[in-house]
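Here is how the chains run, residue by residue.
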Amino acid sequence: MPGTVTHDPPPATGGRPGRPLIVTEDAELLDDLLRLCAAAGATPEVHHGLPEPRGNWEAAPLVLVGDDAAGRVRGAARRRGVVLVGRDQDDSGVWRRAVEIGADHVLMLPDGEQWLVDRIADVAEGVGRPALTVGVIGGRGGAGASTLACALAVTSAREGLRTLLVDADPLGGGLDVLLGGETAEGLRWPAFAASRGRVGGGALEESLPELHSLRVLSWDRGDRIDVPPQAVRAVLAAARRRGGTVVVDLPRRIDGGVTEVLAQLDLALLVVPGELRAVAAAGRIASAVGMVLRDLRVAVRVPYTPGLDDREVARLLHLPLAGEVPVEPALLRPREGSAPPGAAPRGPLARFCKEFWERALVEAGGV
């Protein structure tokens, strides 16, 4: 099992991929470490002792030192991101050797394999700032949450951000349909139902349909397949890992999978039409979502019934106001051959989305 020796984090890679360094002469241990590197999508550099030039020791984003090689690297420069790897669970001397070489962690195989795969995958992919992740949920049926989610994603991609749109509602019509790409090649949610542990962010992105310069994870047209919460967690974590923005279209029910999504959101928009019945329904949604998500904001959709406006809706729901979602005239016409929501850069919906991203990105400190 992994154990921490110091509290120093591994060196940041600044979003750039790197090659882990393996130092060992133990053939059996090396086979295991090469196998774990392959599982994480990494090609390591292998040495029996301290590499020459010594700069390779300092530059590697992660160093895996076999317990057999601890003595040979004792004189190396101290650095972060060193893991001492062994097999003997009863060897109390391993902690002393870890301190002598300045290791951050002690790891025993096979118990610590998944932990190590995750660390190797971090350096293989490059770990930078995670994506700003925004959920969109309707205060009632037909509120326009899917339309707003698509418009936010289309606008984000148009602004040059890496963008991934996730359809978390298996009973919806499919966001790929709304974007005009239901026949586009790529994987849908059922393909990830068996996912466990870590999903590679790059592999996920490349496997999904690309529509309007963004990637889309939606549902296929087959029978509904339940995606376990752990698979939802792994897939969304992979989507966030590569930075940019992730937009999630949420269903109006809270189950295990939706709870996993809510736990990874930075904020969510509750889309509420400007009418009293919608406000009443949205109050129940807000109460359920608020148990998991701290930053929930209301986006009020025009037109209003008499006596209501956007500020009054926000006051009744006790939520901060994200803004007023305007009517997009083009979306009121039949959709055959039409552009997706937010595609017109100067349209009212695109302007709303652009202003939202400008504020949200500043609040998040940039992406």
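The preceding data block contains the structure.
Predicted model only: the values in this text are computed from it and were never measured. (Residues numbered from 1 in each chain as written. Predicted model: local features only at pLDDT ≥ 70, side-chain atom pairs only at ≥ 80, totals over all residues. Heavy atoms only, no water.)

Chemist: Go over the overall build of the protein with me, naming the residues and quoting the values.
Modeler: Counting its regular elements, the protein contains twelve helices and 14 strands. In the protein, of all internal contacts separated by at least 6 residues, the share reaching a separation of at least 24 is 72%. Working note: accessible area of the protein is about 16,800 Å², and carbon and sulfur atoms make up 51% of it. Distance between charge centres in the protein, computed from 42 positive and 48 negative side chains, equals 6 Å. (Helix = DSSP H or I, 4+ residues; strand = E, 2+ residues; numbered from the N terminus. Contact = heavy atoms within 4.5 Å. Areas by Shrake-Rupley, 256 points an atom, 1.4 Å probe, with all protein chains shown as cover. Lys, Arg positive; Asp, Glu negative; His and termini not counted. Charge placed at Lys NZ, Arg CZ, Asp CG, Glu CD.)

Chemist: Could you give an account of empty space enclosed by the protein, with specific residues and numbers?
Modeler: Within this structure, the stated rule accounts for one cavity of 30 Å³ or more. Lining of the largest cavity is provided by Leu164, Val166, Trp189, Leu204, Leu217, Val232, Val235, Leu236, Ala239 and Val261. Of all the secondary structure elements, the ones that give two or more residues to the lining of the largest cavity are β8 (163–167) and α8 (229–241). No other element matches the four residues that α8 contributes to the lining of the largest cavity. Here the lining of the largest cavity is built from residues that sort into ten nonpolar, no polar and no charged. (1 Å grid on protein atoms, 1.4 Å probe; cavity = no way out; pocket = protein on both sides within 12 Å on 5 of 7 lines; lining within 4 Å. Points joined across faces, edges and corners; volume = space filled by probe spheres on them. Nonpolar A, V, L, I, M, F, W, Y, C, P; charged D, E, K, R; others polar.)

Chemist: Please provide a residue-by-residue account of the nonpolar core, values included.
Modeler: With 46 residues, the main nonpolar core has Trp189, Val248, Leu250, Leu270, Val272 and Leu317 as its most contacted residues. Listing elements by their share of this core, those giving two or more residues are β8, α8, β11 (245–250), α9 (256–264), β12 (267–274), α10 (276–289), β13 (296–304) and α11 (310–317). Sorting elements by how many residues they give to this core places α8 first, with seven residues. Residues within four places of Trp189 in sequence aside, it is in contact with Val166, Asp167, Leu217, Ser218, Trp219, Val227, Val232 and Val235. (Core = buried A, V, L, I, M, F, W, Y, C linked by side-chain atoms within 4.5 Å. Buried < 20%, exposed > 50% of the residue type's maximum accessible area, 1.4 Å probe, protein only.)

Chemist: Explain the pairing of β13 residue by residue, including any values.
Modeler: Sheet analysis places β12 next to β13, joined by seven bridges and oriented parallel. Counterpart to Val271 in the pairing with β13 is Ala299. For the crossover that starts at β12, traverses α10 and ends in the parallel β13, the hand is right-handed. One ladder, built from four bridges, connects β13 with strand β14 (residues 321–325); its direction is parallel. Pairing of Ala299 across the sheet is with Gly323, part of β14. In the classification by handedness, the crossover that spans β13, the intervening α11 and the parallel β14 is right-handed. (Pairing = 2+ DSSP bridges. Right-handed = clockwise from strand over helix to strand, strands pointing away.)

Chemist: Describe the sheet that holds strand β10 (residues 214–217), and please don't skip the residues or the numbers.
Modeler: With respect to topology, eight strands assemble into an open sheet ordered β9-β10-β8-β11-β7-β12-β13-β14, the strand pairing being mixed. Each edge of the open sheet is held by one strand with a lone partner, namely β9 (210–211) and β14. Pairing analysis gives six bridges linking strand β7 (residues 132–138) to β11, with the strands arranged parallel. Of the residues in β11, the one forming a bridge with Gly135 is Val248. Against the sheet, α8 touches β7, β8, β10 and β11, its axis set at about 145° to β11. (Axes fitted to C-alpha atoms, helices over the stretch in contact; angles between N-to-C directions.)

Chemist: Lay out the state of the cysteines in plain terms, naming residues and giving numbers.
Modeler: This structure, assessed with the given rule, holds zero disulfides. Of all cysteine sulfurs, the one in Cys150 lies closest to Cys353, which takes part in no disulfide; the gap is 10 Å. For Cys353, a relative accessible area of 0% translates into the label buried. (Disulfide = S-S within 2.5 Å.)

Chemist: So what about the environment of Glu159? Which residues, and what values?
Modeler: Position of Glu159 relative to the elements: it lies in the loop between α5 (145–158) and β8. Measuring from C-alpha to C-alpha, the distance between Glu159 and Lys354 comes to 8.3 Å, with 195 residues separating the pair along the chain.

Chemist: Can you tell me about the packing of α8 against α9, naming the residues and giving the values?
Modeler: α9 packs onto α8 with a crossing angle of 25° between their chain directions and a minimal axis gap of 8 Å. As summarised for this structure, α8 and α9 are arranged roughly parallel, according to the angle between their axes. Judged by the twist between their axes, the crossing of α8 over α9 is right-handed. Here Pro229, Val232, Arg233, Leu236, Ala237 and Arg240 of α8 lie close against α9, whose contacting residues are Gly256, Gly257, Glu260, Val261 and Gln264. Considered class by class, the residues forming the contact of α8 with α9 number five nonpolar, three polar and three charged. (Parallel < 35°, antiparallel > 145°, perpendicular 65-115°, else oblique. Left-handed = near helix turned anticlockwise from the far one by under 90°.)

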